[in-house]
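Each chain, letter by letter, is given below.
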Amino acid sequence: MNVHIDDAKRILVANDRGGYTVPTDRLYPFQWNWDSAFVAMAFALYDADRGYRELERLVEGQWADGMIPHIVFHQPSDTYFPGAAVWRTKHTIPTSGITQPPVFAIALRKVHEAAGPDADTRTLPLYEAALKWHRWWYSARDPESTGLVALLHPWESGSDNSPAWDIALARVPMTTDTPVLRKDTGHVNAAMRPRDEDYSRFIHLVDTYAACGWEPAKQWEKAPFKVAEIQTTAILLKAGEDLEHLARELGRGQDAAEIAAFNGLTRQAMLAQWRPALSRFVSRDLVSGEDVEAPTQAGFIPLLSLDLEKSIVDALVDEMKAWSKGLKVAFPTTKPGIAGWEPKRYWRGPAWAIINWLLIDGLRRNDRPDAAEELRRSTVAAIEAEGFAEYFDPVTGEGCGGLGFSWTAAAYMWLTMSTPRL
């Protein structure tokens, strides 16, 4: 296909809906939280003003308690389920009632640094929003101050139907108050999407939390799904590092000390989730009290925000290479060959450019530029061969899911325009 940077920029233009970017047309017709943060980082490479605008539009959906929801319904659309009416939230702009991985502060730092000397006035209100959300994570999703933040819905992970959730989600009833009227399988082959039973459980959780009035303490008490999740926590720590940096730059010393304390707590908690026998980090199921041992990409994301001992880094890299052996595209989101491995079905095996982007940054941080470059080349080659697909079958290289996808275009830009060559 031989795509270029200009093609990637055209995808972002095509998906622009007035200062915010939809992930792709029809399948995802609203503003998604972590999608927009990745897109804002791409804008930082060539249009800082538009990068700021992306984040500003996202913050329009921020709740009074600080949460930034995973979807902001700026305009109506009938091509997606569950729409605003299903969520029954009370924010001034219709939003979903759950959140998503906090990439926002990571993006804000990149946009701020791209904007130059007059950035502070534009950055400050977004910094305040990021700090408010950061505090929400630690109060609403770690009320016992463990340092690990919990998810109350698989959608909050961004890795919606990952095998990581199979055991915890199986305990969630399939009964719903809301009729499940799926739209996604009308846009994409059903074999690439979550199964109907998954959707019934997803909507059961939405109904449960709507009945709590979306109050965090009530949700925490009633949640049948509660996982202290390593990928989200790792992203939160990286966001915390960037937020602390911005606090110091903006002269907010008291904020910086508060954020540094959060970061220290989380750093220690994440290190305790290392499992040498598995050669990866693990999440914890807070309902059963057991480790989540399903082998998924989440176990490697702590590379992004921890400065790890060489022995741990080597073990992680060796395990990543073992998973990628013989594949056309690295890195698979589920270990090939296990019972839950499905290379074309959404988060049950495919390779995703944004996950690779996080892993590449983490490998560089931990002094493995060789492994980072290998993964970068695999990701770029997949996109150049298949275009800006939502994700890729790691066995065949086929582009799958939605097409003309914003965050794949953003990843392509970031991995080709900002990458130090070895």
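Keep in mind the model is a prediction, meaning the values are calculated, not measured. Per chain, the residues get numbers from 1 upward, laid out in the order the sequence is written. Only residues with pLDDT of at least 70 are given local features in this predicted model, and only at 80 or more are side-chain atom pairs given and counted; all residues enter the totals for whole chains, interfaces and linings. Side-chain numbers come from the whole structure's heavy atoms, not from hydrogens or water.

### Describing unusual backbone geometry
Logical step 1: With omega at 0 degrees, the peptide bond leading from F81 into P82 counts as cis.
Logical step 2: In this structure, P82 sits in the loop between β2 (71-72) and α4 (84-87).
Logical step 3: Cis geometry is adopted by the peptide bond preceding F331, which originates at A330 and carries an omega value of 5 degrees.
Logical step 4: Starting at the N terminus, helices and strands are each numbered in turn, a helix being any DSSP run of H or I of at least four residues and a strand any DSSP run of E of at least two. By the secondary structure assignment, F331 is in the loop between α12 (310-324) and α13 (353-365).
Logical step 5: Here R26, not a glycine, exhibits a phi torsion of approximately 70 degrees, which is positive.
Logical step 6: Tracing the backbone through its elements, the reader meets R26 in the loop between α1 (5-14) and β1 (31-32).
Logical step 7: One non-glycine residue, R88, adopts positive backbone phi at about 55 degrees.
Logical step 8: Within the element layout of this structure, R88 appears in the loop between α4 and α5 (104-115).

### Comments concerning the environment of L27
Logical step 1: By secondary structure assignment, the location of L27 is in the loop between α1 and β1.
Logical step 2: For the pair L27 and E374, spaced 347 residues apart in the sequence, the C-alpha separation amounts to 32 Å.
Logical step 3: Should any heavy atoms of two residues lie within 4.5 Å, those residues are considered in contact. When near neighbours in sequence (up to four residues on either side) are disregarded, L27 contacts Y80, D184, H187, V188, E390 and G402.

### Regarding helix α3 (residues 48-59)
Logical step 1: Here a helix's expected span is defined as the number of its residues, less one, multiplied by 1.5 Å. Between its first and last C-alpha, α3 extends 17 Å over twelve residues, near the 16 Å set by a 1.5 Å rise per residue.
Logical step 2: Accessibility here uses a 1.4 Å probe with only protein chains present; expressed as a share of the type maximum, an area under 20% marks a residue as buried, one over 50% as exposed, and anything in between as partly exposed. Counting buried residues in α3 gives ten out of twelve residues, a clear majority hidden from the surface.
Logical step 3: The secondary structure elements touched by the buried residues of α3 are β1, α2 (33-43), β2, α5 and α6 (120-140).

### With respect to the packing of aromatic side chains
Logical step 1: Only the six-membered ring of Trp is used, alongside the rings of Phe and Tyr, when aromatic pairs are assigned; centres must lie within 6.5 Å, and planes under 30 degrees apart are stacked while those over 60 apart are edge-to-face, with the rest tilted. Counted under the stated rule, the structure contains 34 aromatic pairs.
Logical step 2: Between W155 and Y199, the aromatic rings sit 5.9 Å apart at their centres with planes inclined by 65 degrees, giving edge-to-face as the arrangement. Highlighted residues: W155 in the loop between β3 (150-151) and α7 (166-170) and Y199 in helix α8 (residues 196-211), separated in sequence by 44 residues.
Logical step 3: By relative accessible area, W155 is classed as buried at 3%.
Logical step 4: Classification of Y199 by relative accessible area gives buried; the value is 4%.
Logical step 5: Summarising the aromatic geometry, the rings of W347 and W352 are spaced 3.8 Å apart at their centres and angled 5 degrees between planes, so their arrangement reads as stacked. Each member of the pair, W347 as well as W352, carries the same accessibility label: buried.
Logical step 6: In this structure, R193 packs its charged tip against the face of Y346, placed 4.4 Å from the ring centre. For a Lys NZ or an Arg CZ to count as sitting over a ring, it must be within 6 Å of the ring centre and within 35 degrees of the ring normal.

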